[in-house]
Every structure is written in structure tokens, then in C-alpha cells.
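# Report on the structure
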Amino acid sequence: MAAATSLLLISGLGCRQDMHDEPKFFPQRGTDFYADGRSVRPQVANTVARNQLHADTYFYTGFINGKEGDGMPFPVTMKVLERGQERYNVYCTPCHSRVGNGMGMIVDRGYAHAGDYHTARLETAPLGHFFNVMTNGYGAMPDYSAQITPIDRWAIVAYIKALQLSQKATQADVPAGAQVQPLSSIAEKEGLPANFADQWTLPPTAVRGTPDDQPYVLPATPPNAASGSGAPVASHTPKSPAAAPAGKTAAKQ
Ligand code: HEC
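Report follows, based on the coordinates.

The rules behind the values
- Residues numbered from 1 in each chain as written.
- Predicted model: local features only at pLDDT ≥ 70, side-chain atom pairs only at ≥ 80, totals over all residues.
- Buried ≥ 20, exposed ≤ 12 C-beta atoms within 10 Å, placed from the backbone.
- Helix = DSSP H or I, 4+ residues; strand = E, 2+ residues; numbered from the N terminus.
- Contact = placed C-beta atoms within 7 Å.
- Near = placed C-beta within 6 Å.
- Nonpolar A, V, L, I, M, F, W, Y, C, P; charged D, E, K, R; others polar.
- Core = buried A, V, L, I, M, F, W, Y, C linked by C-beta atoms within 7 Å.
- Axes fitted to C-alpha atoms, helices over the stretch in contact; angles between N-to-C directions.
- Parallel < 35°, antiparallel > 145°, perpendicular 65-115°, else oblique.
- Left-handed = near helix turned anticlockwise from the far one by under 90°.

### A word on helix α7 (residues 127-136)
Taken residue by residue, α7 has G128, F130, F131, N132, V133 and M134 as its buried positions. Summarising the contacts, the buried residues of α7 are in contact with β1 (63-64), β2 (67-68) and α8 (150-168). Downstream of α7 by one or two residues, G137 has phi in the positive range, about 80°.

### Points about the site of the ligand
Around the ligand there are 21 residues in total, and C92, C95, G115, G139 and M141 lie nearest to it. Considered class by class, the residues forming the shell around the ligand number 17 nonpolar, three polar and one charged.

### Details of unusual backbone geometry
At N51, a position not held by glycine, the phi torsion is positive, near 70°. N51 sits in the exposed class, given 6 other C-beta atoms within 10 Å. Residues other than glycine seldom take positive phi values, yet H54 does so here, at roughly 50°. Assignment of secondary structure puts H54 in the loop between α1 (2-21) and α2 (57-61).

### With respect to the nonpolar core
I156, V157, Y159 and I160 are the most contacted members of the largest nonpolar core, which totals 23 residues. Going through the elements one at a time, α3 (78-91), α7 and α8 are the ones with two or more residues in this core. Other than its neighbours up to four places away in sequence, Y159 contacts L81, G84, Q85 and Y88.

### Details of the packing of α3 against α8
The N-to-C vectors of α3 and α8 enclose an angle of 95°; their axes lie 7 Å apart at closest approach. Relative to α8, the element α3 is oriented roughly perpendicular. Contact with α3, carried on its side by V80, L81, R83, G84, Q85, R87 and Y88, involves D152, A155, I156, A158, Y159 and A162 of α8 and no other residues of that element. Considered class by class, the residues forming the contact of α3 with α8 number eight nonpolar, two polar and three charged.

### Overview of the packing of α7 against α8
Look at α7 against α8: their axes get within 9 Å of each other, and the N-to-C directions meet at 130°. By the angle class used here, α7 and α8 are oblique. The crossing of α7 and α8 is right-handed. Only R153, W154, I156, V157 and I160 of α8 make contact with α7, whose side of the interface consists of L127, F130, F131, M134 and T135. Here the residues of the contact of α7 with α8 sort into eight nonpolar, one polar and one charged.

Structure (C-alpha cells):
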């Protein structure tokens, strides 16, 4: 038993030494093996690496002839919308909130006011614009191209259109027999106060940003300075129980 173990150890060690000593190129170091002295070989002309062809430029950029295009590059199904909702809720709600008014929790805590999707400009913006914003970032917003694949970015675009419609739907938008209900009546049915569905305002704990493209100026006195004791818990102003689930602070309390 003991003999077998030490044998294994020796052969393991031997193996590592071989790999350590064998000839190889070190990254960014030259070599005299190739005539041009480079150990890192240049790409072979007219070749495309696997998965990097991206011939469908609209799908990968959101642009058509240098302009943001309008339309989805593939048909929208319920599955696409559900995927878009799920990805949107993961990546966008921290700043844009679940309803897309741009007052998510990160904004509550001092980030620049994120875009409100329910403005006339964004309601009529071409679909490629939303894809472009996610792919390249926009002003104070970082890009999400590393986190979200192109197909998921398009799914989010589709879901944002659904979000926009959800805030302004009319009877003409739904099939016969279905009813458009104001959010407040749904809230009431769920046992929540009617004002649960109102537009909410940022709480006093929010650090106010300056208008876009200007540096932030922190308030001279921290919002909680007045509360005495200096206990850090003061920053967690309890929200009304009804308001808490959606991260919502009622305008009047
Ligand atoms: C870290 C916070 C943050 C996250 C997360 C975030 N955004 Fe934004 N977003 C912003 C801010 C801030 C702005 C406003 C930027 C400005 O005007 O400088 C913005 C603006 C926008 C706009 C409006 C662009 C315009 O034309 O005015 C869209 C659309 C948008 N975001 C989509 C998204 C989507 C989709 C996601 C999720 C994939 C997302 N954002 C995630 C912060 C965020």
C-alpha cells in the first residue's frame, strides 16, 4: 500500500517536471522559431473564427445602413417575451424598476435617474435604439454587451415594448372579451392601497444626482444627519408595509 502511494507520487512529480521543462512559447515573448520573430501568430488572412462571422448585422448591431432600425430580427412569441421579462428583471430593474419608470433601487440610493420608458420619445423610438443602448451604453448607463447575449437583448427589447403598452393599454389593444383594468383596481383586489400603483417619488435617502453629463455633487449634509444618535440603521427608513414589496415609496405617508 505504502509502496504504491510513493510510486504514484514519484510519477506525478516526474510528469509535472516534464511539462515545466518542455519547450514552449511564453505570451508576448519573441521567438527565433518564426522568421518574423513573433511567438503569437497573426490571424490568417480571410479567415473567420468560429462564432464570429456575425453576417446578420442587424441582429448583432441594431443598425441598418448606419441608422437604428425599427423591427425585431426574429418573430416575437410568448416564450421570447417571458425570456425578455426574466432578463429585464435581472439586469435592468435595479435602475429602471419593474415598470420601467427609471426609479429603481440603485437610483433610490444615488445613481443618476435612469431612462423612463414611458416618455413620448422612447415610446416611438425604433427598436434598434433599445438594442443599441444595451449594446453600447448610453450616457451614465454602462453597456450590457458582456452580460447579455444578442438574442437576449432582443428579447428584452420585445419586453420593453410590452411594458410600454402595459402602462397605456386601451380596450382596442386587447382581444374581445378581455378587459383593460387600471393597475389601482388590481392593487385593491390584492388587498393593497389604491395609491400603490401611483407614480412614486424618490425617498429622502436618495442622493440627488445633477442633470445628465455633469459631475455629481454630494449634499453638504447627509440626509440622515438630523436623526441624531449616528446609528447607521437610520438610512434604512422603514417603508410602509404595503409599499415595501415593489420597492415603492408612497408619495405621501
Ligand atoms: C446601473 C443602472 C442601470 C442599469 C442596470 C440599466 N440602466 Fe438603462 N439607463 C441608466 C441611466 C442612468 C440612464 C440615463 C442615461 C443618461 O441619460 O445619461 C439609462 C437610460 C436608458 C435608456 C434610455 C435611452 C434614451 O434614449 O434616453 C434605455 C432604453 C435603457 N436605459 C435601457 C436599459 C436596459 C434595457 C437595461 C437592462 C439591460 C438597462 N437600461 C439597465 C441606468 C441603468
